[in-house]
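Summary of structural features
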Amino acid sequence: MLGLHVLRALKDNFIYVLTSEDGQQATVIDPGEAAPVLKFLRAHSLHLTHILCTHHHHDHVGGVAELVDAYKCAVIGSQKDFDLNRIPRGTLAVSEQKPLKLWGRSVHILDVPGHTLGQICYYFEPEQMLFPGDTLFSAGCGRLFEGTPEQMFISLRKIAALPASTKIYFGHEYTLHNLDFVQSREDNQALRAYREHCEKLVARGEPTSPSQLSTELAINPFLRAPDVATFAETRAARDHF
Ligand code: ZN
Ligand code: FE
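Residues numbered from 1 in each chain as written. Chains lettered and ligands numbered in written order. Predicted model: local features only at pLDDT ≥ 70, side-chain atom pairs only at ≥ 80, totals over all residues. Heavy atoms only, no water.

1. Digging into the coordination of the zinc ion (ligand 1)
Surrounding the zinc ion (ligand 1) are the protein donor atoms His55 (NE2), His57 (ND1), His115 (NE2) and Asp134 (OD), at 2.2 to 2.3 Å. In this structure, the zinc ion (ligand 1) is surrounded by 4 donor atoms whose angles at the metal cover 88 to 171 degrees, and the resulting shape is irregular. Of note, the zinc ion (ligand 1) draws all its donor residues from one chain, in the sequence arrangement H-x1-H-x57-H-x18-D. The metal-metal distance between the zinc ion (ligand 1) and the iron ion (ligand 2) comes to 3.2 Å, with Asp134 coordinating both. With a gap of 79 residues between them, His55 in the loop between β4 (47-52) and α2 (58-61) and Asp134 in the loop between β10 (129-133) and β11 (136-137) connect regions that are remote in the sequence. Here Asp134 falls in the buried class, since its relative accessible area comes to 3%. (Donors = N, O, S within 2.8 Å, 3.2 Å for Na, K, Ca; no water. Tetrahedral: all angles 85-135°; square planar, octahedral: opposite > 155°, others 65-115°. Helix = DSSP H or I, 4+ residues; strand = E, 2+ residues; numbered from the N terminus. Buried < 20%, exposed > 50% of the residue type's maximum accessible area, 1.4 Å probe, protein only.)

2. As for the environment of Ile154
With respect to the helices and strands, the residue Ile154 is situated in helix α5 (residues 149-160). According to the relative accessible area criterion, Ile154 is partly exposed, its value standing at 45%. Measuring from C-alpha to C-alpha, the distance between Ile154 and Phe231 comes to 10 Å, with 77 residues separating the pair along the chain.

3. Some details on the nonpolar core
In this structure, Leu100, Tyr122, Phe124, Phe131, Leu156, Ile159 and Phe231 are the most contacted members of the largest nonpolar core, which totals 47 residues. When residues of this core are assigned to domains, at least three fall in each of domain 1 (1-95) and domain 2 (107-241). By size, the runner-up hydrophobic cluster in this structure holds 23 residues, among which are Val17, Ala34, Leu46 and Cys73. (Core = buried A, V, L, I, M, F, W, Y, C linked by side-chain atoms within 4.5 Å. Domains from an automatic or database assignment.)

4. Points about the coordination of the iron ion (ligand 2)
Here the iron ion (ligand 2) is held by Asp59 (OD), His60 (NE2), Asp134 (OD) and His172 (NE2), and the distances to it run 2.1 to 2.3 Å. What the 4 donor atoms of the iron ion (ligand 2) show is an angle range of 82 to 169 degrees at the metal, which sorts the shape as irregular. Within one chain, the residues serving as donors to the iron ion (ligand 2) are arranged as D-H-x73-D-x37-H. Its relative accessible area of 3% is what places His172 among the buried residues.

5. Here we look at the domain arrangement of the protein
A common way to state how big an interface is: give the accessible area lost once the parts meet. Entries for the protein in the domain assignment read domain 1 (1-95) and domain 2 (107-241). If you average the C-alpha positions of domain 1 and of domain 2, the two centres end up 22 Å apart. Tallying the contact residues gives 27 residues for domain 1 and 28 residues for domain 2. Both sides of the domain 1 and domain 2 interface together cover about 2,200 Å² of buried area, and 65% of this is carbon and sulfur. (Contact = heavy atoms within 4.5 Å. Buried area = accessible area lost by both parts, 1.4 Å probe.)

6. Focus on the layout of surface pockets
Considering only enclosed or pocket space, the largest pocket measures out at about 190 Å³ in volume. Contributing to the lining of the largest pocket are 13 residues, with Phe137, Cys141, Arg143, Tyr174 and Arg235 lying nearest its centre. Listing elements by their share of the lining of the largest pocket, those giving two or more residues are α6 (175-183) and α10 (228-239). Split into classes, the residues belonging to the lining of the largest pocket amount to 4 nonpolar, 5 polar and 4 charged. (1 Å grid on protein atoms, 1.4 Å probe; cavity = no way out; pocket = protein on both sides within 12 Å on 5 of 7 lines; lining within 4 Å. Points joined across faces, edges and corners; volume = space filled by probe spheres on them. Nonpolar A, V, L, I, M, F, W, Y, C, P; charged D, E, K, R; others polar.)

Here's what the structure looks like:
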């Protein structure tokens, strides 16, 4: 079994650390800053072998160079971001056609343009864990900085097609504010129950990550949008909320 640890960084970013079965190696996902990762690795005597980047935004790659200096680890990003030279110290490009080999296992890549054009998700099939970066948040989705509503709609459909028990390790703690938006437009028991659950976590100082795909399919209007027009209208409303 892989270990999974949730670190916090910057204002509201999550950094995820995976640990190998033997408890000696670590892979970090989206290190927006190095300090919390270095502290964690040292405290647990872990050797960092890989950094996985979901996209090129600074709050996801800001810590990469310092971690490479410390551990000489591999740095993985999308082929598209490599073509645009946007992954600092990048060593290996991946895509849907070119999955990642990590610690003897194969990690699926989903190409999910929308938030950025080079955005990818990492999907660990045996563990049913998805790292969507800023494509999908709990009760929300990423802003369309580079892609079109249609691209993002298709990207979210790819995620929606994964097993419903998939755990979603999203990139930012935006959940309660996202729920404010959703509940300003609709009200139902699933939303009220989920909000209560998340408020308890936040009150205890715990992350609302991970969510589960089945939960998002019930409460996330971006994942539930039936067509591109509905998705685009919802995204535009959220931009101005
Ligand atoms: Zn981003
Ligand atoms: Fe971000």
